[in-house]
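Per-entry structural report
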Amino acid sequence: MSVAAPSDKPVKVTKAAPKKGRKGRRKRKKQPIEVTAELLGLIPLFDRLDVALRTRLAARCEHIELDRGEHLFDGKPVGGDDDSPVYLITFGDVSVHRTDIEGDEKTVNYLTVGDPYVQKLFADERTAKVRLTAMCPVKAIKLGYRDVNYLLKKSPPFRDAFSAVIRRVTQRQKSRFDDRFQQDVARFLVAERLTFAGRVKLKRMDICIECDGCYDACKARHGTDRLGPSEVKYGLTEIPQNCHNCVVPECIDKCKFGHITRHPETREIVIADNCTGCTMCSKGCSFGSIRMHPVDTLDLAKYFPDRDPAHKGKQIAQKCDNCTGYADQACITACPVGAMFQVDGAELFDYWQQFKVHETPGFDEVESPEGTPHGHRLAWMIFTLINTLVLTWECFGRLYFPGLTFGHLFFALGLTAHDIDPMAPFKAGDFFSHGMGYIGGSMMLATQLYRFRKWFGSAQKWMELHIWTGVLAGVYGFYHTAFVFTEPIAITTFVMMAVAIVTGGIGRWMVFQIPRSQAGQLLALEDIDGRIKQINRQVEAQFTDAKAGYTALVRIEELSKAREVEAALESLAAPAPAEDEGEKRGLFAGVLELFRENRKAEETIDALTARLGDTMRDGAAKAVAELLREKARLERSMKRHAFMTRVLRRYRVVHVTTSYIAYGALVVHIIHSLIFHVGNN
């Protein structure tokens, strides 16, 4: 699923609440730190200079400290390179933004500890403005471009080291921010200030079943909700509100009692049980990852054993500490589909494909780092297909080709005592039909083994078992009927089981039909319309002849309008239903209509791209086809925006409810069958 392009406007962040002091007390200004040869010697880039050179350089440098949101530089590029300043980041991260002469601002890179800012790397003749903004508390050394050139000439070790960090910065810009596949994700990560995160939890909503198992497991282990709701989203990838174990933490300095520290071994930020509940850390965390909990609502003896009984604090601060002291992470272990996983902050950019699972081509099957069992899934698919084919042949073969069935083969080999009855080769109640019933019922019961995932094996593998045993139960249940649909209890069991399977599949498909923004909300209709206009421009740019591109767009719009007219005619011809009946009809008929529109759009787009292929730029046919598919999908979304969101909310309730009804009907069916057979015997 595609989303609107990430905004390149400056991100406004909420600063920590200022300290309250005595009325009229003025805020103290920070005393500037003097740059000395000793200070420069502590910086890896300058420790290659001899003491005399560092002493001369120190007198020409300036030490700068910034709070989050302040600008290291904000203005027009300095006239000549010789006059431009050079900044070396010694603490924290800085985002780099460039505004062109048309007034469009873009995030072009970020600088972290050890990275230099050199104007010529980011500004060209089309640059109207450059902005460097602190994403967290930042420290930097400012020196002149001429001084850097002098050092490059005088010190070969400095020249080699400086060249290496320049290559690192330019390579990051080239591979992340200039690459057309990665640039939107890179800008998103900078906008959300995740470059200095020690770790980040990600949740793949394309495979998440919204069971809330991660939240329940977290609360069961720690007594509080350490895993919050969505902090931000990009397409179908969600970043829960969770402590990022920041490299530059703002919470530790806020605690004046020393109750927030780093674990000596894992370096994880942890909060002591004796937290006083002053709330300063909670207010200081710009990610909102620290929550306050009233002490009287917590089981202190169980979850806070080290807390002093005489402690007077009425609240306690809690945050994710990565399950420090445990062998696993509760939320990740509990996820049955591998949708939740964690990435080290330094490697976050390497997992950019996880943010692109909603787009095509090629990103719809990106595997989760947590090891979603795709290999097991393939095995299950093959096993289910073989079962279905064998059963289909055996059941229909008994009716039309009894001599070619396995039943006859087993009798010929002496494995069974009786051959297939030529008068009734396949009937309800015979041994073969009952055997499929036993297997199908066992498969239905096997789906509930998923509930034991907490104690045995991997939750992901249990979910695979849940899905495919459910599908197999449907296959065996269908042939168990022997095509006789007169027994009410048996048919109710089969129908409810089929509805549970179908609703589960439809629900996951509907997730991809609802456009979402990077912020995680459903896209408003005007946002979808804006994305459609953007797609129109992208499609037209792929054609050598603008008229051909316009023709393709018009044809897709005509397809959408044709569906609207057809639907309108159908609604005029049909009698007005009652309110309740209309709700049901609209829900199920609407889902069927979505499938029909999808198929029609695919056929039209394939035909268009084949017919107009000669008018496209080299290699653009596949990209145009994908853009047209997205355009068609978004146009359908505009028509059925409210309908699809309603279906998405309901599918899980329907799936779970029909499953329980199916289990109840199965029990009744088994009891009824046993009583019937016992009576006959």
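Residues numbered from 1 in each chain as written. Predicted model: local features only at pLDDT ≥ 70, side-chain atom pairs only at ≥ 80, totals over all residues. Heavy atoms only, no water.

1. Concerning the overall build of the protein
Looking only at helices and strands, the protein features 21 helices and 16 strands. Within the protein, the proportion of its 681 residues that are buried is 47%. Put simply, the protein shows about 35900 Å² of open surface, and 58% of that area lies on carbon and sulfur atoms. (Helix = DSSP H or I, 4+ residues; strand = E, 2+ residues; numbered from the N terminus. Buried < 20%, exposed > 50% of the residue type's maximum accessible area, 1.4 Å probe, protein only. Areas by Shrake-Rupley, 256 points an atom, 1.4 Å probe, with all protein chains shown as cover.)

2. Some remarks on the side chain of E105
Here E105 shows up in strand β5 (residues 105-111). E105 gets classed as buried once you look at its relative accessible area, which sits at 17%. Polar side-chain contacts of E105 include one of 3.0 Å to the side chain of R131. (Polar contact = N/O pair within 3.5 Å; in protein donor to acceptor, adjacent residues only side chain to side chain.)

3. Regarding the environment of R267
Positionally, R267 belongs in the loop between β12 (260-262) and β13 (269-271). With a relative accessible area of 46%, R267 lands in the partly exposed category. As a C-alpha pair, R267 and V247 span 20 residues in sequence and 9.9 Å in three-dimensional space. Among residues more than four places away in sequence, those in contact with R267 are N245 and R262. (Contact = heavy atoms within 4.5 Å.)

4. As for unusual backbone geometry
Of note, the phi angle at R193 is positive, near 60°, even though the residue is not glycine. Along the chain, R193 turns up in the loop between α6 (183-191) and β9 (199-204). A relative accessible area of 7% places R193 in the buried class. Unusually for a residue other than glycine, C323 sits at a positive phi of about 55°.

5. A closer look at the sheet that holds strand β10 (residues 230-234)
One open sheet accounts for four strands, arranged β10-β11-β9-β16; its pairing is antiparallel. A strand with exactly one partner marks an edge of an open sheet, and here the two such strands are β10 and β16 (340-344). The average undirected angle you get between the axes of adjacent strands in this sheet is 30°. As paired elements, β10 and strand β11 (residues 237-240) share four bridges and run antiparallel to each other. Counted as the bridge partner of K233 is E238 from β11. (Pairing = 2+ DSSP bridges. Axes fitted to C-alpha atoms, helices over the stretch in contact; angles between N-to-C directions.)

6. Re the pattern of salt bridges
Under the counting rule described, the total for this entry stands at 14 salt bridges. The partner of D350 in a salt bridge is R176, and the shortest N-O contact between them spans 2.7 Å. With D350 in the loop between β16 and α12 (374-400) and R176 in helix α5 (residues 156-177), the pair connects residues that are 174 residues apart, well separated along the chain. Overall, D350 belongs to the partly exposed group, its relative accessible area being 49%. Look at R176 and you get buried, because its relative accessible area is 17%. Across the salt bridge formed by D321 and R226, the nearest N and O atoms sit 2.8 Å from each other. Highlighted residues: D321 in the loop between β15 (315-318) and α11 (330-334) and R226 in the loop between α7 (213-222) and β10, separated in sequence by 95 residues. Assigned by exposure class, D321 and R226 land together as buried. (Salt bridge = Lys/Arg side-chain N within 4 Å of Asp/Glu carboxyl O.)

7. So, the environment of A541
Along the chain, A541 turns up in helix α17 (residues 525-541). Under the relative-accessibility criterion, A541 is labelled partly exposed at 41%. In this structure the C-alpha to C-alpha distance between A541 and A620, which are 79 residues apart in sequence, comes to 9.8 Å.

8. Some details on the packing of aromatic side chains
Under the counting rule described, the total for this entry stands at 17 aromatic pairs. Centre to centre, the rings of W393 and F401 are 6.1 Å apart; their planes meet at 10°, and the pair counts as stacked. When its relative accessible area of 46% is taken as the criterion, F401 is described as partly exposed. Ring geometry for F478 against F494: centres 5.9 Å apart, planes inclined by 40°, an arrangement best described as tilted. Taken together, the positions of F478 in helix α15 (residues 459-480) and F494 in helix α16 (residues 488-511) put the pair 16 residues apart, joining distant regions of the chain. Ring pairing ties together the aromatic residues F46, F158 and F162, which thus form one cluster. Positioned above the aromatic ring of F287, the side-chain terminus of R193 is 4.6 Å from the ring centre. (Phe/Tyr/Trp six-rings, centres within 6.5 Å; stacked < 30°, edge-to-face > 60°. Lys NZ or Arg CZ within 6 Å of the ring centre and 35° of its normal.)

9. A look at empty space enclosed by the protein
Counting across every chain of the model gives five cavities of 30 Å³ or more. In this structure, the largest cavity spans a volume of roughly 120 Å³. Each residue belonging to the lining of the largest cavity can be placed in one class, and the counts come to eight nonpolar, five polar and two charged. (1 Å grid on protein atoms, 1.4 Å probe; cavity = no way out; pocket = protein on both sides within 12 Å on 5 of 7 lines; lining within 4 Å. Points joined across faces, edges and corners; volume = space filled by probe spheres on them. Nonpolar A, V, L, I, M, F, W, Y, C, P; charged D, E, K, R; others polar.)

10. Examining the side chain of Q119
Along the chain, the position of Q119 falls in helix α3 (residues 119-122). From its side chain, Q119 meets the backbone nitrogen of V78 in a polar contact 2.8 Å long.

11. As for the confidence of the model for the protein
Here the protein shows a mean pLDDT of 78. Residues at 70 or above account for 76%. Across residues 1-27 the pLDDT falls below 50, and counting only partners more than four positions away or on other chains, this stretch makes 49 contacts in the model. (pLDDT = per-residue confidence, 0-100.)

12. Points about the sheet that holds strand β8 (residues 138-144)
With respect to topology, four strands assemble into an open sheet ordered β1-β8-β3-β6, the strand pairing being antiparallel. Edge strands, defined here as strands with exactly one partner in the open sheet, are β1 (62-66) and β6 (116-117). Sheet topology places strand β3 (residues 85-91) next to β6; two bridges connect them, and they run antiparallel. The partner of Y87 across the bridge, within β6, is Y117. Along the sheet, helix α4 (residues 145-154) contacts β3 and β8; its crossing angle with β8, the most-contacted strand, is approximately 80°.

13. Quick word on helix α14 (residues 431-446)
With 16 residues, α14 ought to run about 22 Å at 1.5 Å a step, and its terminal C-alpha atoms sit 22 Å apart, in line with that. Those residues of α14 that sit buried are F432, S433, H434, M436, G440, G441, M443, M444 and A446. (Expected span 1.5 Å × (residues − 1).)

14. Some thoughts on the packing of α4 against α5
Where α4 contacts α5, the axes come no closer than 5 Å and their chain directions differ by 120°. Judged on the interaxial angle alone, α5 and α4 are oblique. Side by side, α4 and α5 meet where V148, L151, L152 and K154 of the first sit next to P156, F158, R159 and F162 of the second. (Parallel < 35°, antiparallel > 145°, perpendicular 65-115°, else oblique.)

15. Considerations on the packing of helix α2 (residues 51-58) against α4
Packing of α2 against α4 brings their axes to within 12 Å, and their N-to-C directions diverge by 175°. Viewed along their axes, α2 and α4 adopt a mutual orientation that is roughly antiparallel. For the pair formed by α2 and α4, the contact residues are L53, R56 and L57 on the first element and D147, Y150, L151 and K154 on the second.

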